[in-house]
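The primary structure of each chain is shown beneath.
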Amino acid sequence: MTDTREFDLIVFGATGFVGKLAARYLLGAAPAGARIALAGRSADKLAAVRAEIGAADWKLVVADTTDQESMDTLAARTTAVITTVGPYLRYGMPMVAACAKAGTHYADLTGEPLFIRDAIDSYHDEAARTGAKIVNSCGYDSVPSDLSVYQLYRRSVADNTGELGDTTLVATLRGGVSGGTIDSGRAMMEAVAADRSKGAVLGHPYSLSPDRSMDPDVGRQSDLTLQRGREIDPSLDGWVGTFVMASHNTKIVRRSNGLLGWVYGKNFRYRETMGAGNSALAPVIAAGISGGIVAGMAVGGLLSRFGPGRAVLDRVLPAPGTGPSEATRESGWFRMRTYTRTSSGARYRADFAGLGDPGYKATAVMLGESGLALAFDDKPELAGVLTPAAAMGDALTARLRAAGMTIDVEPLG
């Protein structure tokens, strides 16, 4: 495909905040001779981004999600596309449709299960037929989660220690929440307010599964958490609460298990938490994290249903397309530690860590390397609407390690 198309990779949404960060990263990370283009609605704004990042040789492609013909033309010109144009529920499906039709690989940053469910229902079969890998959630949501569990599985197979059982991620980080992420959350709230049946997609742990009848029968799996760390693994101190992106990331990991043939195991149970430390106030902090997430979803959903409420949210929340200063992005960091116990009793911990604000700098690296992996690397033959682990697990792991991120698995005890 690479030899017969004009471009290897197109960055769609290059004039947005994260799109520009991804484009800047690709300028230094792409192999010599890579044919990369910047795409968006405005030729003038694209030219300004190209000049700002110093990519004089890159071509520009004008395309708009409201014009399906322009989406189809864009997709037919390239091997792979990375897109930052969200909220994906509002603006993402035309690009998915175009890539599925053209057999073009695709990566996005969505944290919207409703969008992914719609993409699966509408375009998985066509993408599988054309060979397109439509890969969702290729940023901080949900690459660390997905690859950590995938690498735990790989290690358990290498050690012949059995299937994965109870598996828990503990996140610690320094970074902010982007306006785009918040706008995506609002788009989902508005969609549920307009159609209450969509709430089942958000609430069911296996709502993105390729076949629910094959999923592990392990009982109720709640994303809400408040407990001592040692209840997760004896080596873990302090308290943990609910991780803000648990409800999305857990669905991605469970979909990976299904796409890979349910190889993680018949008793695989997965959840995500956020470390609250081990001070005297730690349990209060953990409870506040969990309670704040529940309250925020409830209040946000209520306000999103009404015009005045949406106006309030517009005034108090970060606007789409905005982001922190370079100094703030550079000072951020993240560490995801995922603990599992296998069917033989073996315990492992996967560490996935990186420097830079996870929602901006680190996400730009993850998305950029996802695009390069889809454009250039050997990958599993699996096609359709996929997850990072199912589409490019080993290739993306190797790329992110080479980019400076820590991705390790070690036995415990």
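Identification of the chain as Saccharopine dehydrogenase NADP-binding domain-containing protein from Nocardia fusca is taken from an unreviewed UniProt entry.

Topic: the overall build of the chain
The helix and strand tally for the chain stands at 15 helices and 14 strands. The 413 residues of the chain split such that 54% are buried. Sequence separation of 24 or more characterises 77% of the internal contacts of the chain that already satisfy a separation of 6 or more. Accessible surface computed for the chain: about 17000 Å², of which carbon and sulfur atoms make up 52%.

Digging into unusual backbone geometry
Residue Pro-87 follows Gly-86 across a cis peptide bond; omega there is 0°. The residue Pro-87 is located in the loop between strand E4 (78–83) and helix H4 (88–91) in this model. The residue after Asp-141, namely Ser-142, is reached through a cis peptide bond having omega 15°. Within the secondary structure layout, Ser-142 lies in the loop between strand E6 (133–135) and helix H7 (143–159). Of note in the backbone geometry, Ser-137 takes a positive phi value of approximately 60° without being a glycine. Looking at the secondary structure, you find Ser-137 in the loop between E6 and H7. Given the relative accessible area of 0%, Ser-137 is considered buried.

As for the pattern of salt bridges
Counted according to the given criterion, the structure contains 20 salt bridges. With a shortest N-O distance of 3.5 Å, Arg-269 and Asp-166 are connected by a salt bridge. A residue pair is termed long-range when its members are at least 10 positions apart, and Arg-269 in strand E10 (residues 269–277) and Asp-166 in strand E7 (residues 164–174) qualify at 103 residues. Under the relative-accessibility criterion, Arg-269 is labelled partly exposed at 29%. As a salt-bridge pair, Glu-369 and Arg-399 come within 2.9 Å of each other at their nearest N and O atoms. Placement of the pair is Glu-369 in helix H14 (residues 358–376) and Arg-399 in helix H15 (residues 388–402), with a sequence separation of 30 residues. You'll find Glu-369 and Arg-399 in the same group, each marked buried. Beyond isolated ion pairs, a larger network of salt bridges with shared partners links Arg-337, Arg-349, Asp-351 and Glu-410.

Regarding H15
Over its 15 residues, H15 runs only 17 Å from end to end, short of the ideal 21 Å by more than 12%, given 1.5 Å per residue. Of all 15 residues in H15, 11 are buried, a share of seventy percent or more. Remark: Gly-404 follows H15 within two positions and exhibits a positive phi of approximately 105°.

Topic: the nonpolar core
Grouped together as the largest cluster of nonpolar side chains are 95 residues, with contacts concentrated most on Leu-74, Phe-352 and Leu-400. Per element, the largest residue contribution to this core is 10 residues, and it comes from H14. Sequence-distant contacts of Phe-352, that is, excluding residues within four places in its chain, are made with Val-143, Pro-144, Leu-147, Ser-148, Phe-334, Arg-335, Met-336, Met-366, Leu-400, Met-405, Thr-406 and Ile-407.

A word on the packing of aromatic side chains
The full count for this structure, using the stated rule, is 9 aromatic pairs. Aromatic side chains Tyr-264 and Phe-268 sit 5.2 Å apart centroid to centroid with 65° between the ring planes, which places their arrangement in the edge-to-face category. The burial state of Tyr-264 is the same as that of Phe-268; both residues are buried. An aromatic cluster of three or more residues is present, and its members are Tyr-150, Tyr-153, Tyr-264, Phe-268 and Tyr-270. Geometry around Tyr-206 places Arg-254 over its ring, the cationic atom sitting 5.5 Å from the centre.

About the thresholds
Residues numbered from 1 in each chain as written. Predicted model: local features only at pLDDT ≥ 70, side-chain atom pairs only at ≥ 80, totals over all residues. Heavy atoms only, no water. Helix = DSSP H or I, 4+ residues; strand = E, 2+ residues; numbered from the N terminus. Buried < 20%, exposed > 50% of the residue type's maximum accessible area, 1.4 Å probe, protein only. Contact = heavy atoms within 4.5 Å. Areas by Shrake-Rupley, 256 points an atom, 1.4 Å probe, with all protein chains shown as cover. Salt bridge = Lys/Arg side-chain N within 4 Å of Asp/Glu carboxyl O. Expected span 1.5 Å × (residues − 1). Core = buried A, V, L, I, M, F, W, Y, C linked by side-chain atoms within 4.5 Å. Phe/Tyr/Trp six-rings, centres within 6.5 Å; stacked < 30°, edge-to-face > 60°. Lys NZ or Arg CZ within 6 Å of the ring centre and 35° of its normal.

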